[in-house]
Amino acid sequence: MSGIDVPAERLRALRQEAVDVLAESMKRNGLIHPVTLRKRAGCGYWVVAGAHRLAAAEKLGWREIACVILDKCSEDEATLIEIDENLTRSELSPAERALHIKRRKEIYEALHGKAKAIGAAAANKKMGNDAGATLADAFTADTATKTGQSERKVQRDATRAKRVEVLPDVINTSLDKGSELDALAKLPVAEQRDLAARAKGGEKVSARKPPKMDKLVEQALRLVAQMTAAERKLFLSKLEADTKPVIEPSPRRPPKIDPDVIKQAGNFHVELMNNTEEFCARIKQWHAANQIDEECHGCVVQALEMASMRLQRTAQDIDDR
């Protein structure tokens, strides 16, 4: 392991909590998935995929680790492998995910030739085809296929990456939410940078605008702005004499929710809990009743951990929407 190094510039920084969890799993079950390496100029190897696994092995004091070595792998190809693995396996935040999609699109265009794509677009345009949509769909479809994400999700992350200039600065801040990124995308770059700097400093800021004031209040304020100084003074004195609140937002009515939707949500909850409890009981009973070797035991534990991560990722996807 002494000849393996992690590139300084990686899209996703190491997370100590993830390293700790992996180290505990690897201590019990060993390494299930080897790390991926590529040869470094001179001697040694660069990590392509598996930096967290390597850090966990170092924490456990391992001197050797199972690996797959890619003989012919360019820097762009290595980055693409890293991106696809992170998008497929990791719990990325909305800002991190958008950055990964942005970098993947850059590499995709570089590897496939942007000039050729422009030429194809011109030819299709001459034939009356929507070439722009076709080219965009090609990247979206390729990314969705390689990472297992929906095309809609890929398109949404690509849009955020294109319109939000401060993605690296908002990671793990109050702005690292899907709704906040969408709100940031609508702001000028100067406002984006100001909010990102404040969020990075620890301030709980939001890019979402507060609800609009009641139209009647807006009209009243416009009337006040048109008054003379004497009229405004008389108006304010009458407001102070009146004990009833005058400028007060009207209460917002809660959204009307279809009772069937509420019932369906409850059914999902009951179904998930029942299925989970039944499955856990079955696998515990099976595990207790059979003699299992270490490899089989490790596979079962790994499968349960991956299922838990899949549920967490589903919850995050729904929360982002």
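Residue numbers run consecutively from 1 along every chain, following the written order of its sequence. Owing to the predicted nature of the model, reporting of local features is limited to residues with pLDDT of at least 70; listing and counting of side-chain atom pairs is limited to 80 or more, with chain, interface and lining totals taken over all residues. Excluded from the side-chain calculation are hydrogens and water; included are all heavy atoms of the structure.

**Q** Would you take a moment to explain the sheet that holds strand β1 (residues 4-5) for this structure?
**A** Within a sheet, neighbouring strands are paired by backbone hydrogen bonds and run either parallel or antiparallel to one another. Note on pairing: two strands pair once DSSP finds at least 2 bridges between them. Secondary structure elements are defined from DSSP: runs of H or I of at least 4 residues count as helices, runs of E of at least 2 residues count as strands, and each element is numbered from the N terminus. Strand order in the open sheet formed by four strands is β1-β3-β2-β4, and the pairing between neighbours is mixed. Two strands close off the open sheet at either side, each with one partner strand: β1 and β4 (67-70). In this sheet, strand β3 (residues 45-49) lies alongside β1 in parallel orientation, the contact comprising two bridges. Counterpart to I4 in the pairing with β3 is Y45. Here helix α2 (residues 51-60) sits on the sheet in contact with β1, β2 (35-39) and β3, set at roughly 120° to β3. Where helix α3 (residues 75-89) meets the sheet, its contacts fall on β2, β3 and β4, and the angle it forms with β3 comes to roughly 40°. Any two residues whose heavy atoms approach within 4.5 Å at even a single point are treated as in contact. Simply put, an axis is a line fit to the C-alpha atoms, just over the touching stretch for a helix, and the angle between two N-to-C directions goes from 0 to 180 degrees.

**Q** Looking at this structure, I do not really get the confidence of the model for the protein. What am I missing?
**A** Detailed reading of the predicted coordinates is not advisable wherever pLDDT is low. Scored between 0 and 100, pLDDT is the confidence that the predictor attaches to each residue. Summing up the model confidence of the protein, the mean pLDDT is 79 and the portion of residues at 70 or higher is 80%. Ranking the elements of the protein by mean pLDDT puts helix α5 (residues 114-126) last, at 55, and helix α10 (residues 189-200) first, at 93.

**Q** Honestly, the pairing of β3 in this entry has me stumped. Any pointers?
**A** Every other side chain in a regular strand lies on the same face of the sheet, so the side chains alternate between the two faces. Pairing between β2 and β3: four bridges, direction antiparallel. Looking at β3, one finds that K39 is bridged to Y45.

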